[in-house]
Every structure is written in structure tokens, then in C-alpha cells.
Amino acid sequence: MKRLVLVLALAFSFLNFAHASEQVYTLGVVPQQSAKKLARLWTPVTQYLSSKTGLAIRFATARDIPTFEKRVVEGEYDIAYMNPYHYTVFSQKPGYRAIAKQKNKQIKGIFVVRDDSPIQSLNELSGQKLAFPSPAAFAASVIPRAQLDKEQIAYEPKYVSSHDSVYRNVAKGFFKAGGGVMRTFNNTAPEVKAQLRVLWTTPGYTPHALAVHPRVSSSASEAIQTALVEMASDPEGAILLKSLNFKQLEAAGDDDWDDVRALNIKLLDHLLSE
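Chains are numbered independently. Their residues run from 1 in the order of the written sequence. Local features in this predicted model are restricted to residues whose pLDDT is 70 or higher, and side-chain atom pairs enter the listing and the counts only when it is 80 or higher, whereas totals over whole chains, interfaces and linings include all residues. No hydrogens and no water enter the side-chain calculation; it runs on all heavy atoms of the structure.

(A) Examining the environment of K129 more closely. Residue position: K129 is located in strand β6 (residues 128–132). Not counting residues up to four positions away in its chain, the partners in contact with K129 are E156, K158, F175, K176 and A177. The helix and strand labels rest on DSSP assignments: H or I over at least four residues marks a helix, E over at least two residues marks a strand, and numbering proceeds from the N terminus. The contact definition used throughout considers only heavy atoms, calling two residues in contact when any of these lie within 4.5 Å.

Quick look at the structure:
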């Protein structure tokens, strides 16, 4: 009996050690939408990637985009889904490496107004308080605000933490207009979307990056990249992509974001010197 107890104790000790030593990779997703919605959309993706790669991958996000930026620059995420401008910054520090992006896709920002709004042009936003997710939200904030500045349209920016918050606030009439992107607009609550219309669309740029931290080994990185790229050809993976409003992912490299670098945006340069 004592021998049996000893064997069982050793077995449990081994299992606990194995569990403790298993490396868990966090996939941090930029909080364009609520944490609850992102968890619902991305947790099945991390489970799928775990099953395909043999790696333990779990979903993570942050309460808002500035918090996400702080966590990315500090290297808290092993894998990160980040906006195009974020990638140009965090590829410098701490050195994230792009592995995938949406195929045949360009990201476009939008201004939305209430469906019953009389506003028909950007000029009519002059003097208004406008909603944006955060200062460095690339297509939903940086590019739309740059267009307003270019056209010398005076406005007061208000930052409301997520794309969904922008859409809800504009739908409720708290702001005359707000910035977002087509993917999150199409993915927002139907009852909110029905109250809105797109006023203006930005030019297109290379979309969000899926990138890995430098500490992620080449073998793990390649396994994750392969699983991502092959999702569209796998029935289960294709369903998950559709839930994200993605069609297909492809392998990506650092220079894919040179179009964004050419804009010479400096908003987050302070993070590189901290």
C-alpha cells in the first residue's frame, strides 16, 4: 500500500512538473473591440492554433489601446495582432517580427455618422467633437485626423478606448462623427450598425500584422506561421477566419509595412526612448 501511495505521489509530481514547465505563448490582440467580444472571436483561434502546432497558445488583450501599446513595447505578448503603425514602431522595440497578414487586403479607415445625419462632407465636421478609439489607432484615428488637418478642418478629438465605443457613441448622438475601420464596422452589433452610415473612406494601406516577439524560437514561429497560412484551406480554419471577417492569411515580411513607414508618423516615438 505504501508503495502504491509512493508511485501515485511520484506520478502526480511528474504531471505537475510537466504542466508547470509547459511553455505558454500569449497571443495579444489589439483591443479594437471589447475584451468580451475579442475573447469570443479569438479564443477559438488560439485553441485551433494550439491543436495545429502542438504549442500552448492562449488569448490575451488589454482594457484599451494605450495599455496594449505599453504591454507590447514591454514584450508581454509572445505573438501580437497589431495595427500597421504599431508594427512599424514595435518592430524597432522590442523587435517583433511579422509572420502573417491578410492576403489581398488593404486596411481603410472610415468616418461614420448617424444614418439620419444631414452631414454629407468632411467640411461639415468643422468645429465638432469627434470620437476616435485612441491617438495611435492607425486607420481609425491617425489617417482620418491627418486628412482633416490637411483640409484645415478644425475639430476636437475625443478618445473613447475602442472602435465599438466609437460606433455606439455616434449612434447615440454623443458625437457627430467618429473614426473606425470597415472590418470592425461590419463586425459591430447589427442594431448599432443599422443606425450609422459611412461618410468617408481613407486610402488603403498594408493591414494589421501578426508578429512574434524575438524570444519566440524560429521553429515555433514557423509552426505558427504555417498554421495561420493554411487556415483558409482547412474547413475548421476557414470558419474561424470568417468569424473574424478575414478571408485568407499569407506569410508576411518586415518590408511589407514600408508604405506605412513612408508616412513618417511620430506619435509613439516616446515609447522607443523609454
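From this point, the narrative continues.
(B) Representation of the packing of helix α2 (residues 35–53) against helix α10 (residues 235–243) within the structure. Close contact between α2 and α10 brings their axes to 10 Å; oriented N to C, the two are set at 155°. Between α2 and α10, the interaxial angle falls into the category roughly antiparallel. Like other packed secondary-structure pairs, α2 and α10 cross with a definite hand, here left-handed. Note on element contacts: α10 touches α2 through E236, G237, L240 and S243, opposite L41, P44, V45 and Y48. Side-chain classes are defined by residue name, with Ala, Val, Leu, Ile, Met, Phe, Trp, Tyr, Cys and Pro counting as nonpolar, Asp, Glu, Lys and Arg as charged, and the others, Gly among them, as polar. For the contact of α2 with α10, the class distribution of residues is five nonpolar, two polar and one charged. In this description, a line fitted to the C-alpha atoms serves as the axis of each element, helices being fitted only across the stretch in contact, and the angle between N-to-C directions of two axes falls anywhere from 0 to 180 degrees. Angles are sorted into four bins: roughly parallel if under 35 degrees, roughly antiparallel if over 145, roughly perpendicular if 65 to 115, and oblique for all others. In a left-handed crossing the near helix is turned counterclockwise from the far helix by less than a right angle, and in a right-handed crossing that turn is clockwise.

(C) Quick look at the nonpolar core. One finds W42, M82, F90, F138 and L228 to be the most contacted residues of the largest nonpolar core, which totals 63 residues. Counting residues per element, this core draws most heavily on α2, which supplies six residues. When neighbours within four sequence positions are excluded, W42 is seen to be in contact with L27, V29, F59, Y81, L244 and F246. By nonpolar core is meant a set of buried Ala, Val, Leu, Ile, Met, Phe, Trp, Tyr and Cys residues that side-chain atoms within 4.5 Å join together. Exposure classes here rest on a 1.4 Å probe applied to the protein chains alone. A residue is buried below 20% of its type maximum, exposed above 50%, and partly exposed in between. I119, L125, A177 and W200 belong to the second largest nonpolar core, which has 13 residues in total.

(D) Examining the sheet that holds strand β8 (residues 177–181) more closely. One open sheet holds the five strands; their spatial order is β7-β6-β8-β5-β9, and the pairing between them is mixed. In the strand order of this sheet, the two ends are held by β7 (155–159) and β9 (196–201), each with one partner. Neighbouring strand axes in the sheet, compared pairwise and without regard to direction, differ in orientation by 35° on average. With respect to the sheet, helix α5 (residues 138–150) is in contact with β5 (109–114), β6, β7, β8 and β9, its orientation differing from that of β7 by roughly 170°. By this definition, two strands are paired if DSSP reports at least two bridges between them.

(E) Quick peek at the sheet that holds strand β11 (residues 249–251). Judged by pairing direction, the sheet is mixed, and its six strands sit side by side in the order β2-β1-β3-β10-β4-β11 without closing on themselves. Sheet topology places β2 (56–60) and β11 at the edges, where each strand pairs with a single neighbour. Each strand axis lies, on average, 25° off the axis of its neighbour in the sheet, ignoring direction. α2 rests against β1 (24–29), β2 and β3 (79–82) of the sheet, and its axis sits at about 170° to β2. Docked against the sheet, helix α9 (residues 218–229) engages β1, β2, β3, β4 (97–102), β10 (209–212) and β11, running at close to 5° with respect to β4.

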